[in-house]
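Tertiary structure, described
Okay, here's what each chain looks like letter by letter:
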Amino acid sequence: MKFESYHPVINLIYFVYVIVCTVLFRHPFFVLCSFLSSFVYSVKLKGKKALILNIILTILTVPYALWYAFYNHFGVTELRQNFIGNSITLESTVYGLVLGFIIISVVMWMECVHDIMTADKWIYLLGRISPKCSLFLSIALRMIPRIKTRHKKVDDAQCSVGRGMRQGKFLRRIFNWFREASMVLTWFTEDLVTVSDSMRSRGYTLRGRTAFSIYRFDNRDRCFVLVMFFTISSCLAAHLLDQTNILYDPRIIFNPMTFMSYVFYAVYMLSCLLPMIVEIIGEESFRRSRGRVSGKNTKQEAGR
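What you see is a predicted model; the values in this text were computed from it and never measured.

Before going further, it helps to spend a moment on the pattern of salt bridges. A full pass over the atoms with the stated rule returns 4 salt bridges. Lys46 is paired through a salt bridge with Asp115; the nearest N and O atoms lie 4.0 Å apart. Remark: Asp115 occurs in helix H4 (residues 90–116) and Lys46 occurs in helix H2 (residues 28–46); sequence separation between them is 69 residues. Owing to a relative accessible area of 24%, Asp115 belongs among the partly exposed residues under this scheme.

Okay, here's the thing in structure tokens:
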């Protein structure tokens, strides 16, 4: 059981929720929760490639904070002066660091969106709202790999007669590239018209047209919706009670910490970690089921 196996509407609502909260909340704890959750989950989905990218983005937050403090002057705790005599304050530096973590958290959440929200999910969601938009998206997504394949065929054919992109001098290579691009563009235009006419003749844009879908809203999705509704309501209450922001100008001032503050922190951490919790529970369930099947097979072989 993985988060990507849930209904596309749930995936979309969840990612919209966490990205909006990441952008709106300025409290360091909320920013840190979103950063750590997006970091861990993106690494869980994409592996080493995401780990390297996330580490690079995290390192870049420091120069961004210094740049922000250099050009934005507010706060009363002066650290030093820049070369033109403006003050670099602690408040502006901390706020720049918070903004940097917010930006990279959004980028890492978008990495997760790219991995979870596949093309068939977007087509399914848009097909319910606008069949024409869904038709355009499906054609565009299908055309991208076809353009690559067609370009490779054209380049191989041109290379066989000495007119490839990697043949000849520099100006000749540029000319050859434009020739191949013209061939591919001509084919793409003709094929786009053919595909559009074919889909229209099948009644794809007719009002009330239904389409086959493998997605069903089951009890597992309903349970997740209940949990997500609870977390969204709690975060909305925290935002209305001004528990998600702090003051950075003229001084860094936190709101008084109460029991409800810790409750809001725990709920927000839970909401950010929901996909990871689902992944871990699913993997553990699969591991136990596999162990039970292996144990039964072992007993059967022993009985023989």
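Phe3, Tyr14, Phe15, Trp109, Phe224 and Tyr268 are the most contacted members of the largest nonpolar core, which totals 31 residues. Of all elements in the fold, only helix H1 (8–24), H2, H4, helix H5 (119–129), helix H8 (219–240) and helix H9 (259–303) reach the threshold of two or more residues within this core. Core analysis: the next-biggest nonpolar cluster, separate from the first, contains 15 residues, Val98, Phe101, Ile104 and Ile246 among them.

The topology assignment puts Ser234 in helix H8. Within polar-contact distance, the side chain of Ser234 engages the backbone oxygen of Phe230 at 2.9 Å. The contact partners of Ser234, leaving out residues within four places of it in the chain, are Phe264 and Val267.

The subject of this paragraph is the packing of aromatic side chains. Counting across every chain of the model gives 27 aromatic pairs. A ring pair is formed by Phe30 and Tyr265, whose centres lie 5.5 Å apart and whose planes are at 75°; its orientation type is edge-to-face. One end of the pair, Phe30, is in helix H2; the other, Tyr265, is in helix H9, with 235 residues separating them in the sequence. For the pair Phe30 and Tyr265, a shared accessibility class is recorded, and that class is buried. Their ring planes at 80° and their centres at 4.9 Å tell us that Phe35 and Phe101 sit as a pair that is edge-to-face.

For the protein chain, per-residue confidence averages 82 on the pLDDT scale, and residues scoring 70 or more make up 89% of the total. The spread of mean pLDDT over the elements of the protein chain runs between H5, the lowest at 75, and H1, the highest at 91.

The terminal C-alpha atoms of H4, which comprises 27 residues, lie 39 Å apart, in line with the 39 Å expected from a rise of 1.5 Å per residue. Within H4, 19 of the 27 residues are buried, leaving the element largely enclosed by the surrounding structure.

Another point: the pairing of strand E1 (residues 78–81). Where E1 and strand E2 (residues 87–89) come together, 3 bridges link them in antiparallel fashion. Note on E2: the bridge partner recorded for Arg80 is Ile88. Taken together, E1 and the strand that follows it, E2, pair antiparallel across an intervening segment of 5 residues, in which Gly85 is found at a positive phi of about 90°.

For the rest of this paragraph, the subject is the environment of Phe264. Assignment of secondary structure puts Phe264 in helix H9. Sequence-distant contacts of Phe264, defined by excluding residues within four places in its chain, comprise Phe30, Ser234, Ala237, Ala238, Leu241 and Gln243.

Once that is clear, we can look at H8. With 22 residues, H8 ought to run about 32 Å at 1.5 Å a step, and its terminal C-alpha atoms sit 31 Å apart, in line with that. In the stretch just after H8, Asp242 is the one whose phi turns positive, near 65°.

This paragraph deals with the environment of Val263. Examined against the element boundaries, Val263 turns out to sit in helix H9. Along the chain, Val263 and Ser234 lie 29 residues apart, while their C-alpha atoms are 8.8 Å from each other.

Residues Phe170, Leu171, Ile174, Trp177 and Phe178 make up a contiguous nonpolar surface patch of roughly 590 Å² in combined accessible area. When you line up the elements, Ile174 lands in helix H7 (residues 170–201).

Below, the discussion takes up the packing of H2 against H4. Orientation of H2 relative to H4, taken along the N-to-C sense of each, is 35°, at an axis distance of 8 Å. Crossing of H2 against H4: the hand is left-handed. On H4, the residues touching Val31, Ser34, Phe35, Ser37, Ser38, Phe39, Tyr41, Ser42, Leu45 and Lys46 of H2 are Val98, Phe101, Ile102, Ile104, Ser105, Met108, Trp109, Glu111, Cys112, His114, Asp115 and Ile116. Its residues assigned to classes, the contact of H2 with H4 shows 13 nonpolar, 6 polar and 3 charged.

So, about the side chain of Asn11. Along the chain, the position of Asn11 falls in helix H1. One polar contact links Asn11 to Lys121, side chain to side chain, over a distance of 2.9 Å. Excluding residues that lie within four positions of it along the chain, Asn11 makes contacts with Phe3, Glu4, Tyr6, Ile116, Met117 and Lys121.

Scoring rules and cut-offs
Residues numbered from 1 in each chain as written. Predicted model: local features only at pLDDT ≥ 70, side-chain atom pairs only at ≥ 80, totals over all residues. Heavy atoms only, no water. Salt bridge = Lys/Arg side-chain N within 4 Å of Asp/Glu carboxyl O. Helix = DSSP H or I, 4+ residues; strand = E, 2+ residues; numbered from the N terminus. Buried < 20%, exposed > 50% of the residue type's maximum accessible area, 1.4 Å probe, protein only. Core = buried A, V, L, I, M, F, W, Y, C linked by side-chain atoms within 4.5 Å. Polar contact = N/O pair within 3.5 Å; in protein donor to acceptor, adjacent residues only side chain to side chain. Contact = heavy atoms within 4.5 Å. Phe/Tyr/Trp six-rings, centres within 6.5 Å; stacked < 30°, edge-to-face > 60°. pLDDT = per-residue confidence, 0-100. Expected span 1.5 Å × (residues − 1). Pairing = 2+ DSSP bridges. Patch = residues over 30% accessible without salt bridge, like charges linked within 9 Å, V, L, I, M, F, W, Y side chains within 5 Å. Areas by Shrake-Rupley, 256 points an atom, 1.4 Å probe, with all protein chains shown as cover. Axes fitted to C-alpha atoms, helices over the stretch in contact; angles between N-to-C directions. Left-handed = near helix turned anticlockwise from the far one by under 90°. Nonpolar A, V, L, I, M, F, W, Y, C, P; charged D, E, K, R; others polar.

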